[in-house]
Amino acid sequence: MATAVLMSSPIPPDSEIEKCERNLEKMGNVLQFSKHPLQNRWALWFFKNDKSKTWQANLRLISKFDTVEDFWALYNHIQLSSNLMSGCDYSLFKDGIEPMWEDKLNRRGGRWLITLSKQQRRADLDRFWLETLLCLVGEAFGDHSDDVCGAVINVRAKGDKIAIWSRDYEHKDAITHIGRVYKDRLGVPQKVIIGYQSHADTATKSGSSSKNKFVA
Ligand code: MGP
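Calculation notes
Residues numbered from 1 in each chain as written. Predicted model: local features only at pLDDT ≥ 70, side-chain atom pairs only at ≥ 80, totals over all residues. Heavy atoms only, no water. Salt bridge = Lys/Arg side-chain N within 4 Å of Asp/Glu carboxyl O. Helix = DSSP H or I, 4+ residues; strand = E, 2+ residues; numbered from the N terminus. Buried < 20%, exposed > 50% of the residue type's maximum accessible area, 1.4 Å probe, protein only. Near = heavy atom within 4 Å. Polar contact = N/O pair within 3.5 Å; in protein donor to acceptor, adjacent residues only side chain to side chain. Nonpolar A, V, L, I, M, F, W, Y, C, P; charged D, E, K, R; others polar. Axes fitted to C-alpha atoms, helices over the stretch in contact; angles between N-to-C directions. Parallel < 35°, antiparallel > 145°, perpendicular 65-115°, else oblique. Left-handed = near helix turned anticlockwise from the far one by under 90°. Contact = heavy atoms within 4.5 Å.

A. Broad picture of the pattern of salt bridges. According to the stated counting rule, one finds 10 salt bridges in the structure shown. We note a salt bridge from Lys64 to Asp95, for which the minimum N-O separation is 2.8 Å. With Lys64 in strand 2 (residues 59-67) and Asp95 in the loop between strand 3 (89-94) and strand 4 (110-115), this pair connects stretches of sequence that are 31 residues apart. A relative accessible area of 43% places Lys64 in the partly exposed class. Relative accessible area serves as the criterion here: at 33%, Asp95 is assigned to the partly exposed category. Salt bridges linked by common partners bring Arg108, Asp168 and Glu170 together as one network.

Spelled out as structure tokens, the structure:
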């Protein structure tokens, strides 16, 4: 009788608790290793326009990730672009490439630029940016995904912009493929033309727009 009472005791002995804890730890490790790896590690950057600082000093690394789960954890944790103050940017770049013209992997590159009207901030901005992120982390451009360096969203009062940056403005096949797929993924109507400009032209432009090297 005394044994039966002991066996049904609601408080397990210390050894049982330790066993449970070890099992929980093992489960945690299994969950950690069963995350779904991305082909690349990515870095998310944030730019806040503080006029007392240089452009580069306003750029901050937020976080890096290389699994599907960590991408969504980060995406769900941060503000939607449409909630940012004008003058702010997000940039998502492959780990090791800084989101600036000066990086050696951007220097010869350019961008497919999507310019949005003021009305599109409500209708399109957040879903276009999410689709852009999914194109990047999902390597949507096949073999030409290697040409992709990253993407940038500029939240601006005059009209927001989203762009995919690629590494070489002379890589015609890669650029045209990326442009065609990107336009299709965003659901931009065929009659709307998007342009690809080199960073060299953008950095030295005098007017408000640089010359398109390619259109899609
Ligand atoms: P912007 O933030 O890309 O676009 O560039 P915005 O604010 O819409 O302005 P616009 O000129 O396109 O109409 C604004 C300014 O930020 C540029 O003129 C540069 O002075 C600076 N800037 C932007 N980028 C992407 C870079 C960069 O990669 N390197 C450096 N050094 N400056 C940059």
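B. Up close: the site of the ligand. Contacts to the ligand come from Trp55, Met100, Trp101, Glu102, Arg156, Lys158, Lys161 and Lys205. In the environment of the ligand, an oxygen atom lies 2.6 Å from a nitrogen or oxygen atom belonging to the side chain of Lys158. Of the residues contributing to the shell around the ligand, the split by class is 3 nonpolar, no polar and 5 charged.

C. Just the environment of Leu125, in detail. The residue Leu125 is located in helix 4 (residues 120-137) in this model. Note: C-alpha distance between Leu125 and Asn212 (87 residues apart in sequence) is 23 Å.

D. Inspection of the packing of helix 3 (residues 68-77) against helix 4 at higher detail. Two elements in contact, helix 3 and helix 4, have axes whose closest approach is 12 Å; the angle formed by their N-to-C orientations is 160 degrees. If you check the angle between helix 3 and helix 4, you find them roughly antiparallel. Judged by the twist between their axes, the crossing of helix 3 over helix 4 is right-handed. On helix 4, the residues touching Phe71, Trp72 and Tyr75 of helix 3 are Leu130, Leu133, Leu134 and Val137. The residue inventory of the contact of helix 3 with helix 4, partitioned by class, reads 7 nonpolar, no polar and no charged.

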